[in-house]
Amino acid sequence: MALDPDDPRPPYVQVANALRAAILTKVFKAGDKLPSRAELAKKYEVAPMTVQNALRELRDEGLIVSRQGSGVFVRERTERPVGLRPHIERAFDAEHVTIDFSGFSGETLQGVMQEPLDKIRIGRLTPASINIRMLVPDTSQPWAIPCQVEDLQDSPGFRKRMDEIMRRHTLAIVDNVQELGDLGLVKDVSVEIKVHRAAPLFKLYLLNNEEAFFGFYPVREHVIRFDGDPKPIYDLVGKEAILFHHSVTDDDTSTGSQYVEQARMWFDSMWGTVSTEYKR
């Protein structure tokens, strides 16, 4: 089942669209395991990396979930999750772009920002300013959760692992946005990162002071290897967090405007009481 050679869309988008259609039409039902990456690559006659990028799209939309050592599965109740990516892309249509994030690692945010940043580089988007603030947990401090399964104690090894992941994604955002300012493609850019002692139990995105996305981190047990030794960990699984969307443009019968305002007040209160900046 080769892709259409006349379709101008990138191959990974075509694969994502085909899989999305199969999920939404119940060819793959909630809880079903998808074929392996190698099987999908053979089916669509593409490289495994193309399949991986397609699966990332569906994962960001909340349609699928990866389970370490088991494979990729269609998420239960796929009608509920909200896809963050199209809203992030639309936010970059504004003249002044502001994004506030509170969460665990910034991995999802970095992924969904790539396309609008690429569009700025080629001149398809021309915001006058981009200002981003990120609140992330302090990996130098013990955590109540994530924790070891055996004794519910903090895991320094896990914190070290998370620090590496966090640095990779948050600092990539810093570098990519600052590059747009250095190149003169965006007049005013700023990216600030602060750390706090509490490991987050939810993630929050605020876009242009108009939209809020909120989701609880599910706690899951899985095994991680430290120096070759397997260690069961109770972890916060960001990729399984269902996001709920609130907008100031909601009608008068909704609480959208109040939710966005309260989320803004919460973020500003946290930001104002945390003085520790994230160090490279």
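Criteria and cut-off values
Residues numbered from 1 in each chain as written. Predicted model: local features only at pLDDT ≥ 70, side-chain atom pairs only at ≥ 80, totals over all residues. Heavy atoms only, no water. Helix = DSSP H or I, 4+ residues; strand = E, 2+ residues; numbered from the N terminus. Rg over C-alpha atoms; globule rule 2.2 N^0.38 Å. Buried < 20%, exposed > 50% of the residue type's maximum accessible area, 1.4 Å probe, protein only. Contact = heavy atoms within 4.5 Å. Areas by Shrake-Rupley, 256 points an atom, 1.4 Å probe, with all protein chains shown as cover. Lys, Arg positive; Asp, Glu negative; His and termini not counted. Charge placed at Lys NZ, Arg CZ, Asp CG, Glu CD. Axes fitted to C-alpha atoms, helices over the stretch in contact; angles between N-to-C directions. Parallel < 35°, antiparallel > 145°, perpendicular 65-115°, else oblique. Left-handed = near helix turned anticlockwise from the far one by under 90°. Nonpolar A, V, L, I, M, F, W, Y, C, P; charged D, E, K, R; others polar. Salt bridge = Lys/Arg side-chain N within 4 Å of Asp/Glu carboxyl O. Phe/Tyr/Trp six-rings, centres within 6.5 Å; stacked < 30°, edge-to-face > 60°. Lys NZ or Arg CZ within 6 Å of the ring centre and 35° of its normal.

1. Focus: the overall build of the chain
In step 1: In terms of helices and strands, the chain carries seven helices and 11 strands.
In step 2: Against the 2.2 N^0.38 benchmark of 19 Å for 280 residues, the chain shows a C-alpha radius of gyration of 20 Å, consistent with a compact globule.
In step 3: Principal axes of the C-alpha set define a box for the chain whose edges measure 55 × 50 × 45 Å.
In step 4: Within the chain, the fraction of its 280 residues that count as buried is 47%.
In step 5: Of the contacts made within the chain by residues no fewer than 6 positions apart, 72% connect residues no fewer than 24 positions apart.
In step 6: Summed over its atoms, the accessible surface of the chain is roughly 14,500 Å², and 51% of this surface lies on carbon and sulfur atoms.
In step 7: When the 36 positive and 42 negative side-chain charges of the chain are each reduced to one mean point, those points stand 4 Å apart.

2. Remarks on the packing of helix α1 (residues 11-24) against helix α3 (residues 48-60)
Packed helices, taken two at a time, are described by the angle their axes make and the gap between the axes.
In step 1: Direction vectors running N to C along α1 and α3 enclose 50 degrees, while the axes themselves pass 8 Å from each other. As summarised for this structure, α1 and α3 are arranged oblique, according to the angle between their axes. Here α1 runs over α3; the crossing is right-handed. Across from Pro11, Tyr12, Val15, Ala16, Leu19, Arg20 and Ile23 in α1, the residues of α3 making contact are Thr50, Asn53, Ala54, Leu55, Arg56, Glu57 and Leu58.
In step 2: Taken together, the residues that form the contact of α1 with α3 break down as nine nonpolar, two polar and three charged.

3. Focus on the pattern of salt bridges
In step 1: Enumeration according to the criterion identifies 13 salt bridges in this entry.
In step 2: Salt-bridge contacts for Glu211 lead to Arg90; the nearest nitrogen and oxygen are separated by 3.2 Å. Placement of the pair is Glu211 in strand β8 (residues 211-216) and Arg90 in helix α4 (residues 84-91), with a sequence separation of 121 residues.
In step 3: Asp118 is the partner of Arg121 in a salt bridge, and the nearest nitrogen-oxygen pair spans 2.7 Å. Taken together, the positions of Arg121 and Asp118, both in helix α5 (residues 107-121) and three residues apart, correspond to about one turn of that helix.
In step 4: Since its relative accessible area comes to 28%, Arg121 is described here as partly exposed.
In step 5: A relative accessible area of 38% places Asp118 in the partly exposed class.

4. Notes on the packing of aromatic side chains
In step 1: Scanning all chains against the criterion turns up eight aromatic pairs.
In step 2: A centroid spacing of 5.5 Å and a plane angle of 50 degrees characterise the contact between Phe104 and Trp143, whose relative ring orientation is tilted. Within this pair, whereas Phe104 is found in the loop between β3 (96-102) and α5, its partner Trp143 is found in the loop between β4 (129-137) and β5 (147-148), the two being separated by 39 residues in sequence.
In step 3: With a relative accessible area of 4%, Phe104 lands in the buried category.
In step 4: What makes Trp143 buried here is its relative accessible area of 4%.
In step 5: In this structure an aromatic cluster arises from ring pairing among Phe202, Phe214, Phe216, Tyr259 and Trp266.
In step 6: Directly above the aromatic system of Trp271 lies the positively charged group of Arg133, at a separation of 5.1 Å from the ring centroid.

This is a description of form; function is not addressed.
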